[in-house]
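What the coordinates show
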Amino acid sequence: PVMTDWKNRAPKDMPKFQVVVEMIRAAEPGFRMALLARIASQYPEFAEALRRQMFTFDDLAHLHQKQLEKFLAMVPVDMLMVALRGTTETFRKTILAAVGERKALLIQEDLEHGKPQKKSVIDKAREDIRFMAEKIGLRPLDTDHDPFV
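To start, this report covers the structure provided alongside it. (Residues numbered from 1 in each chain as written. Predicted model: local features only at pLDDT ≥ 70, side-chain atom pairs only at ≥ 80, totals over all residues. Heavy atoms only, no water.)

**Here we look at the packing of aromatic side chains**
- Overall, the coordinates contain two aromatic pairs when judged by the stated rule.
- Each ring, one from F17 and one from F46, has its centre 5.9 Å from the other, and the planes form 75°; the classification is edge-to-face. Of this pair, F17 sits in helix α2 (residues 16–26) while F46 sits in helix α4 (residues 44–52), and the two are 29 residues apart along the sequence.
- Arranged with centres 5.2 Å apart and planes meeting at 50°, the rings of F57 and F91 form a pair that is tilted. A residue pair is termed long-range when its members are at least 10 positions apart, and F57 in the loop between α4 and α5 (65–72) and F91 in helix α7 (residues 89–98) qualify at 34 residues.
- Judged by relative accessible area, F91 falls into the buried class, the value being 7%. (Phe/Tyr/Trp six-rings, centres within 6.5 Å; stacked < 30°, edge-to-face > 60°. Helix = DSSP H or I, 4+ residues; strand = E, 2+ residues; numbered from the N terminus. Buried < 20%, exposed > 50% of the residue type's maximum accessible area, 1.4 Å probe, protein only.)

Structure representation (structure tokens):
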């Protein structure tokens, strides 16, 4: 049923590869990651091509510092507080270094003493940030492309 729905919604001239990319983008974050992992286990080059077309929350750490700073200035601090829960220390340090000192202190305080969040709430915050990044044109593995210029 999902495939039929996408087949009917996809523009007739849209390349099949792009239809696959759009289907994966529309999936829930956990399912999307599992699906990409499964594809990678059997078709690594195809999975890499798919990943290059998508921006993930983790791709934030691979942006140029100025791009990251400009982008994170657009992200509401409460959304960032939630999204950073459960991330690695290295990732958190990268993100906190790109926000202002005051914002970084607020986020750090929340991470250390804030109330726990449901995984679904964390996933939603990450997905919202990922969508914002993709919407303004940030692309993974293409950090020379700067939508802020």
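**Digging into the nonpolar core**
- Formed by 27 residues in total, the largest nonpolar core has its most connected members in L60, L72, L80, L84 and I129.
- If you list the elements that add at least two residues to this core, you get α5, α6 (77–83), α7, α8 (101–113) and α9 (119–135).
- Of the residues forming this core, the biggest block, five residues, is contributed by α6.
- Setting aside residues up to four positions removed in sequence, L60 forms contacts with F55, L68, F71, F91, I95 and I129.
- Listed in part, the seven residues of the second largest apolar core include I24, I39, A47 and L50. (Core = buried A, V, L, I, M, F, W, Y, C linked by side-chain atoms within 4.5 Å. Contact = heavy atoms within 4.5 Å.)

**What to know about the packing of α5 against α7**
- Where α5 contacts α7, the two axes come as close as 8 Å, and the packing angle between them is 75°. It follows from the interaxial angle that α5 and α7 lie roughly perpendicular. Across the interface between the two elements, Q65, L68, E69 and L72 of α5 pack against T94, I95, A97 and A98 of α7.
- Of the residues in the contact of α5 with α7, the class split is five nonpolar, two polar and one charged. (Axes fitted to C-alpha atoms, helices over the stretch in contact; angles between N-to-C directions. Parallel < 35°, antiparallel > 145°, perpendicular 65-115°, else oblique. Nonpolar A, V, L, I, M, F, W, Y, C, P; charged D, E, K, R; others polar.)

**Points about the pattern of salt bridges**
- Overall, the coordinates contain eight salt bridges when judged by the stated rule.
- Residue D110 is joined to R85 by a salt bridge in which the shortest nitrogen-to-oxygen separation is 2.9 Å. Of this pair, D110 sits in helix α8 while R85 sits in the loop between α6 and α7, and the two are 25 residues apart along the sequence.
- The salt bridge partner of K124 is D128, with a shortest N-O separation of 2.9 Å. Here the residue K124 and the residue D128 both occupy positions in helix α9, the gap between them amounting to four residues, near one helical turn.
- Each member of the salt-bridge network shares a partner with another, and the members are R32, E127, R130 and E134. (Salt bridge = Lys/Arg side-chain N within 4 Å of Asp/Glu carboxyl O.)

**Considerations on the side chain of K103**
- Note that K103 resides in helix α8.
- Excluding anything up to four places from it in sequence, K103 contacts L72, A73, V75 and V77.

**Structural notes on the side chain of R85**
- For R85, a relative accessible area of 11% gives the class buried.
- Filtering out sequence-adjacent residues up to four positions away, R85 remains in contact with D110, L111, G114, K115, Q117, I122 and R126.

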